[in-house]
Amino acid sequence: MKTPYDALPMSAQAAWQDLRRLLKDAEAEDIIGAPKARKIAGKIYWYDQYRLGDAVKERYIGPDEPARRAAMEAYINLRETRAARAKDRARLVSLLRAEGMAAPDLETGRILSALAQTGAFRLGSTLIGTHAYRLYEGVLGVRFGADQAAVTQDIDVAQFRALSVALADGGDAVDPALGETFSDLEFSPVPSLEKGRVWRWEQSKRKTLVEFLTPSFEAEEKLRDLPALGVSAQSLHFLNYLIRDPIRVPVLYRQGVLVQVPKPARYAIHKLIVAERRRDGPEAGKSRKDRAQADLLIRHFAAEEPYALVDAYRDAYETGPRWRQKIDASLRRLPEARDALDRALAETGA
């Protein structure tokens, strides 16, 4: 079974891995004091512990994982070679762009870079939507080319509210405030029906929207506050599945920007659900793009990583009847994806 995408040259795949490694290493450069590991509810999290006047402060870095642990241990040496590593990252970005990999336009690159600099992704925010889809080239080792399913201007960012509250309660938040950052980028807040709550910003010259979202665990999908980000967010059902266990990937802008995105197999299955939700409403055009992205990713995973696809599918399909209804309805409109998924299920014995 052939994947629908063209493979990236091995040299480009290696360069992408090198860029991601260098960006992960560079996370340690933002440490103010000394890294400290803390166990919370059975899991290990890293904090930056530093002194401010007579007080000892802590700033959240992220969950424990081998790459982050190694970066924490090596942060002193990394500081000494900062300029050389930045030059290496810029060289790799240029190389990957020359290979035809998807890169953001100037304005999108500026926005994602600004969000990263405020600490939004460090604080658990996840880039979702088509901008995340575009970044899967390096993850999958493929080239999307002129894929119309990968065209967008709007930027969607999601965060779990419980995490946002816990971080804010611990004294950690974006810096500078996102409202200030968006103002510098010539964005204006879009008024919402709830006075005093803003979850969308629009850039007047390009009509680009940045929207903040959060999972809904209640019957209603209402606005909720994300205190660590200092914004409100539109809560949505099914979003918790998408942003669980995200991955970090580079954006090909300047010296590279490290952002957080959903796992691509989860993204594919989630797009089946979202496409059905939007099918008959004012966003029917987005529904068609949702299905196109799901179709291509499902066929790729069926050919290259069937176990990852089946795991993501089973996790969603077995959640409940509403999930199954939406997934099945979308797959009926995507016969090639349905056949590919069936083959993956048969191959893995699921």
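About the criteria used
- Residues numbered from 1 in each chain as written.
- Predicted model: local features only at pLDDT ≥ 70, side-chain atom pairs only at ≥ 80, totals over all residues.
- Heavy atoms only, no water.
- Salt bridge = Lys/Arg side-chain N within 4 Å of Asp/Glu carboxyl O.
- Helix = DSSP H or I, 4+ residues; strand = E, 2+ residues; numbered from the N terminus.
- Buried < 20%, exposed > 50% of the residue type's maximum accessible area, 1.4 Å probe, protein only.
- Core = buried A, V, L, I, M, F, W, Y, C linked by side-chain atoms within 4.5 Å.
- Contact = heavy atoms within 4.5 Å.
- Axes fitted to C-alpha atoms, helices over the stretch in contact; angles between N-to-C directions.
- Parallel < 35°, antiparallel > 145°, perpendicular 65-115°, else oblique.
- Nonpolar A, V, L, I, M, F, W, Y, C, P; charged D, E, K, R; others polar.

Student: Explain the pattern of salt bridges residue by residue, including any values.
Tutor: According to the stated counting rule, one finds 18 salt bridges in the structure shown. Notably, a salt bridge pairs Glu99 with Arg143, separated by 3.6 Å at the nearest N-O pair. Highlighted residues: Glu99 in the loop between helix H4 (82-98) and helix H5 (106-118) and Arg143 in strand S6 (residues 142-143), separated in sequence by 44 residues. Among the residues examined, Glu99 registers a relative accessible area of 24% and is labelled partly exposed. A relative accessible area of 24% places Arg143 in the partly exposed class. Linked through salt bridges whose partners overlap, the residues forming this network are Asp18, Arg21 and Asp25.

Student: Outline the nonpolar core, supporting the account with residue identities and numerical values.
Tutor: Counting residues in each nonpolar core, the largest one holds 92 residues, and the members touching the most others are Tyr136, Phe212, Val259, Val261, Ile269, Ile298 and Ile327. Residue contacts for Phe212: discarding those within four places in its chain leaves Val157, Leu178, Phe182, Trp199, Trp201, Leu229, Val231, Ser232, Ala233 and Gln234. Ile31, Trp46, Ile61 and Ala71 belong to the second-largest nonpolar core, a separate cluster that totals 6 residues.

Student: Tell me about the packing of helix H11 (residues 264-277) against helix H14 (residues 321-332), residues and numbers included.
Tutor: For the pair H11 and H14, the least separation of the axes is 8 Å and the interaxial angle reads 85 degrees. Accordingly, the angle class assigned to the pair H11 and H14 is roughly perpendicular. Residue-level contacts link Ile269, Leu272, Ile273, Ala275, Glu276 and Arg277 of H11 to Trp323, Gln325, Lys326, Ile327, Ala329, Ser330 and Leu331 of H14. Looking at the contact of H11 with H14 residue by residue, the class counts come to 8 nonpolar, 2 polar and 3 charged.

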